[in-house]
Amino acid sequence: MANNNIGPKRLVVGAHYGLRDWLAQRVTAIVMALYTIILLLAFLTGNMSSYETWAGMFSQQWFKIVTFVTFLSLFYHVWVGMRDVWMDYVTKSVGLRLVFQVATLLWLIGCAGWAAQIIWRA
Amino acid sequence: MSEAVKKNRRQFNVMTFADTVHYRLPLAGIVSILHRISGILMFLLLPFILFLLDKSLTSEISFEYLKGFTSNLLVKLIILALSWAYLHHFCAGIRHLVMDLHIGVDKDSGRKSAVGVFAVSLPLAALVALKLFGVF
């Protein structure tokens, strides 16, 4: 087992969350792109023009779930992106960066709660 | 001895914001930094977006309220900025996904796809602007 870490197979990084975040960023992006197509179709078929059709679309359970999944994808995507931004620009103090990262996470979790309330209240 | 070496050595620090103005970014670089700026903009305006969705769905009264609210010029400009940010982020993101498939990663095609991103995102943003300001 230890011999597997030689030459090109040598592990140069430790935690591997780089690949996980990279992949998550792509997958969540595709989810949001697909949802964008749904919204675009709704717009083109005139479902956004009045309150009845707009709210009617959001009254269906499948659409609520799809919307919520898209929101969760959005928040994960934002987390990956904003974490990169903090890592790139807040370099002088590790403590300050941690504060920004934790604040971003808490804020996004809060927004997820708000999104859930908006989607299921109507 | 070691002090003399230290004095002559150039110091390389993290680049400051002032350094960035000396950079002449290639088109692909402009797409890249705008990808980041548009992402940050949408992150900052997340509560505004959720507010709009909230008001649009709560009731017929709040839907009507939203119509009045979005007729404000400043609100229209914010929505336009958000629309541009979304369109640019979307197109630049698709460009990234294509490059993940090892398509168009050389310098020439990188520039061409950067042109492509602007060619799609800017006219669509202009279309949103025309719609927002009631041209059609």
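A brief structural summary. (Residues numbered from 1 in each chain as written. Chains lettered and ligands numbered in written order. Predicted model: local features only at pLDDT ≥ 70, side-chain atom pairs only at ≥ 80, totals over all residues.)

Here's the deal with the overall build of chain A
- A tally of regular secondary structure across chain A gives 4 helices and 0 strands.
- Moving toward the C terminus, one meets the helices and strands of chain A in the order α-α-α-α.
- Against the globule reference of 14 Å for 122 residues, chain A gives a C-alpha radius of gyration of 20 Å, more extended than a compact globule.
- Once the C-alpha set of chain A is aligned to its principal axes, its extents read approximately 65 × 35 × 20 Å.
- Counting every position in chain A, which comprises 122 residues, the buried fraction comes to 12%.
- Taking all contacts inside chain A whose residues are at least 6 apart in sequence as the whole, residues at least 24 apart take part in 67%. (Helix = DSSP H or I, 4+ residues; strand = E, 2+ residues; numbered from the N terminus. Rg over C-alpha atoms; globule rule 2.2 N^0.38 Å. Buried ≥ 20, exposed ≤ 12 C-beta atoms within 10 Å, placed from the backbone. Contact = placed C-beta atoms within 7 Å.)

With respect to the overall build of chain B
- The number of helices and strands found in chain B is 7 helices and 0 strands.
- For chain B, the N- to C-terminal ordering of α and β elements is α-α-α-α-α-α-α.
- Relative to its length of 136 residues, chain B is extended, with a C-alpha radius of gyration of 22 Å against a globular reference of 14 Å.
- Taken over the C-alpha atoms alone, chain B extends approximately 80 × 35 × 25 Å along its principal axes.

Quick word on the interface of chain B and chain A
- The partner chain A presents 17 residues to the 18 residues of chain B that form the contact.
- Of all elements in the fold, only helix H3 (27-44), helix H4 (46-58), helix H5 (60-69) and helix H6 (73-100) of chain B reach the threshold of two or more residues within the side of chain B that touches chain A.
- If one sorts the elements of the side of chain B that touches chain A by residue count, H4(B) sits on top with 7 residues.

What about the environment of A:Ser73?
- Secondary-structure assignment places A:Ser73 in helix H3 (residues 61-89).
- Among the residues examined, A:Ser73 registers 20 C-beta atoms within 10 Å and is labelled buried.

Here's the deal with the packing of helix H4 (residues 94-121) of chain A against H4(B)
- Contact pair H4(A) / H4(B): the axes reach a minimum separation of 10 Å and the direction vectors enclose 15°. In terms of orientation, H4(A) and H4(B) fall into the roughly parallel class. Relative to H4(B), H4(A) is oriented so that their crossing is left-handed. Of the residues in H4(B), those in contact with A:Cys111, A:Trp114, A:Ala115 and A:Ile118 of H4(A) are B:Leu46, B:Leu50, B:Leu53, B:Asp54 and B:Leu57.
- When its residues are assigned to classes, the contact of H4(A) with H4(B) shows 8 nonpolar, no polar and 1 charged. (Axes fitted to C-alpha atoms, helices over the stretch in contact; angles between N-to-C directions. Parallel < 35°, antiparallel > 145°, perpendicular 65-115°, else oblique. Left-handed = near helix turned anticlockwise from the far one by under 90°. Nonpolar A, V, L, I, M, F, W, Y, C, P; charged D, E, K, R; others polar.)

Side note on the nonpolar core
- Counting 11 residues, the largest nonpolar core is built from B:Val31, B:Leu34, B:Trp84, B:Ala85, B:Tyr86, B:Leu87, B:Phe90, B:Cys91, B:Ala92, B:Ala114 and B:Val117.
- Elements represented by at least two residues in this core include exactly H3, H6 and helix H7 (107-132) of chain B.
- Counting residues per element, this core draws most heavily on H6(B), which supplies 7 residues.
- Grouped together as the second largest cluster of nonpolar side chains are 9 residues, A:Leu74, A:Phe75, A:Ala115 and A:Ile118 included. (Core = buried A, V, L, I, M, F, W, Y, C linked by C-beta atoms within 7 Å.)

Considering the packing of H3(B) against H6(B)
Residues and elements named next belong to chain B.
- Viewed as axis vectors pointing N to C, H3 and H6 meet at an angle of 130°, and their least axial separation amounts to 9 Å. Overall, the two elements H3 and H6 adopt an arrangement that is oblique. At the point where H3 passes H6, the crossing takes the left-handed sense. For the pair H3 and H6, the contacting residues are Val 31, Leu 34, His 35, Ser 38, Gly 39, Leu 41 and Met 42 in the first and Ala 81, Leu 82, Ala 85, Tyr 86, His 88, His 89 and Ala 92 in the second.
- Per-class residue counts for the contact of H3 with H6 are 9 nonpolar, 5 polar and no charged.

Some words on unusual backbone geometry
- Of note, B:His102 is a non-glycine position whose phi angle comes to about 65°, a positive value.
- Note on placement: B:His102 falls in the loop between H6 and H7.

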